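What the coordinates show
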Amino acid sequence: MTHGHNLNLNILRNPVSGVFRGTITDAADFDPSADAEALYNAMKGFGSDKEAILDLVTSRSNAQRQDVIAAYKSNFGKDLIDDLKYELTGKFERLIVCLMRAPAYHDAKEIHDAIKGAGTNEKCLIEVLASRNNRQIHEMVAAYKDAYGRDMEEDIIMDTSGHFKKMLVVLLQGTRDESGVVDADLVEQDAQDLFAAGEEQWGTDEAKFIMILGNRSMTHLHMVFDAYEKIAETSIEDSIKNELSGDFERLMLAVGMKCNDGLSPDITVQGIRSLPMFFAKRLYKSMKGLGTADDTLIRIMICRSEIDMLDIRECFRLIYEKSLYNMIKKCTYLIRLVVSGFAKSAVLCQTDHYSLAGEFFPEAAQIAYKMWELTPGNYYTFRLLLTFFKTHFATVISYFSATGTDEDAIIDIVAQRSNAQRQEIRQAFKSLLGRDLMKDLKSELSKNLERLIIGLMLTPAEFDAKMMQKAIEGAGTDEHALIEILVTRSNEEILAMNAAYQDAYKKSLEEAIESDTSGLFCRILVSLVQGAREECPEDLERANADAQELAEACNADSDDMEVKFMSILCTRSFPHLRKVMQEFVRYTNKDIEQTIKKDMSGDVKNAFYAIVRSVKNKPSYFADRLYKAMKGLGTDDRALIRIMVSRSEIDLFNIRKEFKETHDVSLHEFIQGDTSGDYRKTLLMLCGGED
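Residues numbered from 1 in each chain as written. Predicted model: local features only at pLDDT ≥ 70, side-chain atom pairs only at ≥ 80, totals over all residues. Heavy atoms only, no water.

Within the largest apolar cluster, 123 residues are counted, with the highest numbers of intra-cluster contacts made by Ile96, Phe608 and Met644. By residue number, the principal contributor to this core is helix α36 (residues 602-630), which donates 13 residues. When sequence neighbours within four positions are dropped, the list of residues in contact with phenylalanine 608 reads Ile524, Glu562, Phe565, Met566, Leu569, Ile596 and Met600. By size, the runner-up hydrophobic cluster in this structure holds 66 residues, among which are Ala232, Met277, Met309 and Ile312. (Core = buried A, V, L, I, M, F, W, Y, C linked by side-chain atoms within 4.5 Å. Buried < 20%, exposed > 50% of the residue type's maximum accessible area, 1.4 Å probe, protein only. Helix = DSSP H or I, 4+ residues; strand = E, 2+ residues; numbered from the N terminus. Contact = heavy atoms within 4.5 Å.)

With that settled, the discussion passes to the environment of serine 648. With respect to the secondary-structure elements, serine 648 resides in the loop between α37 (637-647) and α38 (652-663). Serine 648 sits in the buried class, given a relative accessible area of 2%. The spatial distance from the C-alpha of serine 648 to the C-alpha of cysteine 687 is 7.5 Å, given a sequence separation of 39 residues. A distance of 3.0 Å separates a polar atom in the side chain of serine 648 from the backbone oxygen of valine 645. (Polar contact = N/O pair within 3.5 Å; in protein donor to acceptor, adjacent residues only side chain to side chain.)

This part is about unusual backbone geometry. Positive phi, close to 60°, is recorded for lysine 506, a residue that is not glycine. Structurally, the position occupied by lysine 506 is in the loop between α29 (491-505) and α30 (509-516). Take lysine 506: its relative accessible area is 64%, and that puts it in the exposed class. In this structure, asparagine 589 takes a positive phi of about 60° despite not being glycine. Here asparagine 589 lies in the loop between α34 (574-588) and α35 (592-599).

The next thing to look at is the confidence of the model for the chain. Any segment with low pLDDT has predicted coordinates that should not be analysed in fine detail. When pLDDT is averaged along the chain, the result is 83; 82% of the residues meet or exceed 70. Mean pLDDT across the secondary structure elements of the chain bottoms out at strand β2 (residues 266-268), with 30, and peaks at helix α28 (residues 479-488), with 97. For the stretch residues 262-272, pLDDT sits under 50, and the model shows 33 contacts to residues farther than four places along the chain or on other chains. (pLDDT = per-residue confidence, 0-100.)

On to helix α26 (residues 447-457). Counted residue by residue, α26 has nine buried out of 11 residues, so it is predominantly covered. Within α26 the residues assigned to the buried category are Asn448, Leu449, Glu450, Leu452, Ile453, Ile454, Gly455, Leu456 and Met457.

Laid out in structure tokens, this is it:
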């Protein structure tokens, strides 16, 4: 086919109408945990099952792949992309890893790769920046900052020049008008301005082209280009080719393509202004001649697979009288596999289904079965005050700097307010006095009293983040503290703690854990710190399957046993785990707590034991932790403060009850006998009663 034939392209209406035209859709009956396990098994042992990896990855949407990545880390405590990089090689590795990245991070890496090193891949910059909408650009810029710690705009400015650089910077702002509103007078004015900036004069006013093509809405520009053609008696594409040159010309042509994406019903191939046509041409050029530009091929196939790949395929067939599938199939084995995956997922509607194990009918003893039936309730030791005068409290606290420190006043106020009220006090203190209350408290108080009062004044997330940092910093690691916090916090609390840690220490909590722990224990902590534990009620059929897997794992190699325990204990909801542990008794005639004690050791044993104890009876677990903190010679004040502060508004009443029943002495008595002074007074106020 020659490029002069007229074609009816009504098929390309999708981008404006919003009709889905991609080849990858969400897989039905999607189970991210099952997919994560399938990928783990595909990479387990010597070598890897590349076909299994390929089939799974290419039959899931990108959003589902992100869920699989999260499930993989939650189940196995490892980074899926890192494992894929380790197991795979060459272009196949690049392909699979690119598919696994979120779109914004994929775009960010493409831009980074285009400008790093000695040369610059201007065509990649043009392709990406000219084809993304405002939201995609903003997300890409943020992802670039997150991934590389650098500003994308600054890096592009350093690596490009002239009008090409200026237009890229304009596109990077992501401020194009996307309202869809068209001003007919402005359309005519813009068409006249473009004509005056180019065809009508000697030389070209590039700034005018940049201003109009870089900021106006796509609908508006489509109408401008039609009006321009009537004025100039030539198309905007031909004018750009005549007036501009080099990378700047190619960039403006790409923007021109986007402007009429899906809008022109009858136009020639030579004058086509369509984003799918732009990508079809890019794909053809990447494969024609000797060799294949695999990076371009991979980038386009991945980034358009969930947007307009069907349109790109049709444009390709219309222009080149051959199918994109067949050309890719002849060109490269790797991308042929991708297209095959696309076809299975979208065209043939073949998807992989992962189901839970079938029903089980265990015949085992009833010993310890009933212990999982009851779930302790939660009681507050604080009663929120109905009337709260924050200005009054802030003023009272301010007296400690003027007349010497009145510890009693500070204790009475801090220990008898809820955490939400303490945050209002902090804000009021700064508003009234222009000072930071936390800094003043640190300077006026000392030792354990200071640690306790500061702990109470922090938000729960800030306090947990600080306790995690204390457990990690220095020569030794407090593994018990790490376990206690990560096992007993809800998803919401863990995510808030992660954010607080990042804010306070300028690094992720996950990175800190990975640098200070190792082996399976590290993987368990990494799984827990994702804050991705399921929150659903018990599922009896699934609980049977989970219990069966745990029972069978007890007969496996110790490493396999521990990995299986991690994949279930670290991810299932507590109500579900209660049923799993109940069913485990049916299968094994043993309580899972005793199995962990007998067959495991070290920090891994302690972590699993803490999960089981928390599922069974969380207040009892904390009561035991408090008892160990104070029994014998010396007191573990950090543990004592951590539990008293963190549980005071949640379940400290229950913890007191469990402490009394288990140790035949009240928590109040134990604290009174093991601490002293204002520190003891504050702890007893938190404790709230003698039982």
